[in-house]
Amino acid sequence: DQQVKQNSPSLSVQEGRISILNCDYTNSMFDYFLWYKKYPAEGPTFLISISSIKDKNEDGRFTVFLNKSAKHLSLHIVPSQPGDSAVYFCAASAGYAGNNRKLIWGLGTSLAVNP
Amino acid sequence: DSGVTQTPKHLITATGQRVTLRCSPRSGDLSVYWYQQSLDQGLQFLIQYYNGEERAKGNILERFSAQQFPDLHSELNLSSLELGDSALYFCASSKGLQNEQYFGPGTRLTVT
């Protein structure tokens, strides 16, 4: 049962345009969401996160939007640059007893930004 | 550079063998996580340790085991290896039982 779903395995955008990566989740207990970026042969790198008490978080060119009622979040990259070409993972967590959080990961979306 | 180190970078071994993957967390991080990424698969959480104690288990096979030592480095032991165990194995660390995990470069295991 895939609790975190990234339904688009790949996305291609033109340099300078907006990239929108989507993520859906099924577990209403998730209260913290993260995006990671991964280049080939490297480990994932933390990009941006959002708590469920917010609906938007912005960091430079990266903005994450959360729609709790739709159980949907999206990552916007504006403007997109060729160096943004990577696999983007969405991850979610819920607070359990003892404050131990386990990240549940999506399968990733491969973004290609074309010059 | 995340500050998380993993050795070896590549490992080629035969079916039925046993290997040990090593991870050193970032300075000050108490939590260590192990993940497996197979071809065309997302990141599968295997196991988490916090300050030497196992805290969470994911889809870890019984043939696999891990431990975290007093100096906080961790080892993942994979035994009776099968062809399907070929994958990238990532270690991540975080300060506490938090969300932001910092990943190492991974160990690519090839079982022939």
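Look up a bit, the structure's there.
For the structure given in this document, a descriptive report is provided here. On a predicted model such as this, the values are computed, not experimentally measured, just so you know.

Now for the packing of aromatic side chains. Overall, the coordinates contain 13 aromatic pairs over all chains when judged by the stated rule. Ring centres 6.2 Å apart and planes at 80° place the aromatic pair Phe-89 of chain A and Trp-105 of chain A in the edge-to-face group. Remark: Trp-105 of chain A occurs in strand β10 (residues 104–105) and Phe-89 of chain A occurs in strand β9 (residues 86–93); sequence separation between them is 16 residues. Between Trp-105 of chain A and Tyr-35 of chain B the ring centres are 5.6 Å apart and the planes differ by 85°, which places this aromatic pair in the edge-to-face class. A residue pair is termed interchain when its members come from two chains, as with Trp-105 of chain A in strand β10 and Tyr-35 of chain B in strand β4 (residues 31–37). Across the pair, Tyr-35 of chain B and Trp-105 of chain A agree in class, each one buried. In textbook terms, an aromatic cluster arises when at least three aromatic residues are bridged by ring pairs, as seen for Tyr-36, Phe-46, Phe-89 and Trp-105 of chain A together with Tyr-35, Phe-45, Phe-90 and Phe-103 of chain B. A cation over an aromatic ring shows up here: Arg-26 of chain B above the ring of Tyr-102 of chain B, its NZ or CZ 3.8 Å from the ring centre.

Residues and elements named next belong to chain A. One ladder, built from 4 bridges, connects strand β6 (residues 56–59) with strand β7 (residues 62–67); its direction is antiparallel. Bridge pairing links Lys-56 to Phe-65 in β7. Hairpin connection, β6 to β7: the antiparallel pair is bridged by 2 residues, and Gly-60 has positive phi, about 65°. Sheet analysis places β7 next to strand β8 (residues 72–77), joined by 6 bridges and oriented antiparallel. The residue of β8 that forms the bridge with Thr-63 is His-76. Hairpin geometry of β7 and β8 is characterised by an intervening segment of 4 residues between the two adjacent antiparallel strands and by a positive phi of about 50° at Lys-71.

Each partner contributes residues to the interface: chain A has 21 residues there, and chain B has 19 residues. Both sides of the chain A and chain B interface together cover about 1700 Å² of buried area, and 54% of this is carbon and sulfur. Run the count over chain A and chain B and you get 0 salt bridges. Residue assignment for the side of chain A that touches chain B shows that the elements contributing at least two residues are β4 (32–38), β5 (45–51) and β9 of chain A. Ranked by the residues each element gives to the side of chain A that touches chain B, the list is headed by β4 of chain A, at 4 residues. Class assignment of the residues belonging to the side of chain A that touches chain B gives a composition of 10 nonpolar, 7 polar and 4 charged.

Calculation criteria
- Residues numbered from 1 in each chain as written.
- Chains lettered and ligands numbered in written order.
- Predicted model: local features only at pLDDT ≥ 70, side-chain atom pairs only at ≥ 80, totals over all residues.
- Heavy atoms only, no water.
- Phe/Tyr/Trp six-rings, centres within 6.5 Å; stacked < 30°, edge-to-face > 60°.
- Helix = DSSP H or I, 4+ residues; strand = E, 2+ residues; numbered from the N terminus.
- Buried < 20%, exposed > 50% of the residue type's maximum accessible area, 1.4 Å probe, protein only.
- Lys NZ or Arg CZ within 6 Å of the ring centre and 35° of its normal.
- Pairing = 2+ DSSP bridges.
- Contact = heavy atoms within 4.5 Å.
- Buried area = accessible area lost by both parts, 1.4 Å probe.
- Salt bridge = Lys/Arg side-chain N within 4 Å of Asp/Glu carboxyl O.
- Nonpolar A, V, L, I, M, F, W, Y, C, P; charged D, E, K, R; others polar.

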